[in-house]
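Read off the chains here:
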Amino acid sequence: MSVLSVRIRQRREELGMSQEELAARMGYRSKSSITKIEKGINDIPQNKLEDFAAALETTTAWLLGLEAEAVPVPAGFEPLPRMTQVPLVGSIACGTPITAEQNIERYIGVPADWHADFALTCHGDSMSPTIRDGDIVCIRLQPEVEQGEIAAVRIGEEATLKHFHRQGDTVMLLADNAAVCPPMIYAGPQLAEIQIEGKAVGLCRSL
């Protein structure tokens, strides 16, 4: 068993962190990955070493056995939040639930405190500068949203992110950038075309 495996387990236990918690911080789907690493069965890729150090609130040098004592995160820095995984949804098949297997591109790690159920990649500039092209927006599943909240609204086989407004029997979906996307207005039989999937609860900014 390597020094790295031993020190990962040692530091995790010093922090009172479970294998499940460390797996979530690292974006792994289950604790089995951490179990195998701590037993020395699986190696850690070089590009994951810094992520482990951050998740365990120490340094890569300590994890590698180059320092005698675990070095805490310096004052003024916050440890990584507890993470969880949600499906990143791509194209949406008509008539299927938004998180159905055929809609999922991959799983991504996001802060657990967001209580997100899935994520969408934003395409276009209609919600700029709030949400830019390429940003990933995390959504909490719910059938209703408050006036003005950013909602993921399903229209046929597509999902759009817009500010949701309802006035009587009329629904308006408003973009932040009206020059790119004018107000989308639905009334009467047209209301059957739209379905609220949930509200935006977090944003992963594209670089």
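Rules behind the numbers
Residue numbers restart at each chain and count upward from 1, following the sequence in its written direction. It should be noted that, the model being predicted, local features are given only for residues of pLDDT at least 70 and side-chain atom pairs only at 80 or more, the latter also being counted only at that level, while totals for whole chains, interfaces and linings use all residues. Side-chain numbers come from the whole structure's heavy atoms, not from hydrogens or water. Two cysteine sulfur atoms form a disulfide, by the criterion used here, when they sit within 2.5 Å. To define a nonpolar core, start from buried Ala, Val, Leu, Ile, Met, Phe, Trp, Tyr and Cys residues and group those joined through side-chain atoms within 4.5 Å. For each residue, the accessible area found with a 1.4 Å probe, counting protein chains only, is set against the maximum for its type, and the residue is called buried under 20%, exposed over 50%, and partly exposed in between. Helix and strand assignments come from DSSP, with helices taken as H or I runs of at least 4 residues and strands as E runs of at least 2, each series counted from the N terminus. Any two residues whose heavy atoms approach within 4.5 Å at even a single point are treated as in contact. Strand pairing requires that DSSP identify at least two bridges connecting the strands. Note on definitions: angles span 0 to 180 degrees between N-to-C directions of axes, and those axes are lines fitted to C-alpha atoms, for helices only across the stretch in contact. Salt bridges are counted wherever a side-chain nitrogen of Lys or Arg sits within 4 Å of a carboxyl oxygen of Asp or Glu.

### Describing the state of the cysteines
Under the definition given, this model contains zero disulfides. Distance from the sulfur of C204, which forms no disulfide, to the nearest cysteine sulfur (C138) is 4.5 Å.

### Some points on the nonpolar core
With 24 residues, the main nonpolar core has F118, L120, I131, I139, L161, F164 and L173 as its most contacted residues. Listing elements by their share of this core, those giving two or more residues are strand 3 (118–121), strand 4 (136–141), strand 5 (150–155), strand 6 (158–167), strand 7 (170–174), strand 8 (184–187) and strand 9 (194–204). Per-element tally for this core: the top contributor is strand 5, with four residues. If near-sequence neighbours (up to four positions away) are discounted, F118 is found in contact with V86, P87, V89, I98, T99, V137, C138, I139, L141 and E197. Grouped together as the second largest cluster of nonpolar side chains are 17 residues, I8, I37, I44 and F52 included.

### Re the sheet that holds strand 1 (residues 83–89)
Across the sheet, nine strands lie side by side as 2-1-3-4-9-5-6-7-8; this open sheet has mixed pairing. Whereas interior strands pair on both sides, the edge strands pair on one side only; in this sheet they are strand 2 (104–111) and strand 8. With direction set aside, neighbouring strand axes in the sheet form an average angle of 45°.

### Brief notes about the pattern of salt bridges
Inspection of the entire model under this criterion finds seven salt bridges. For R154, the salt bridge identified is with E197, shortest N-O distance 3.7 Å. Placement of R154 in strand 5 and of E197 in strand 9 is noted, with a sequence separation of 43 residues between them. Here the two residues R154 and E197 agree in accessibility, since each one is buried.

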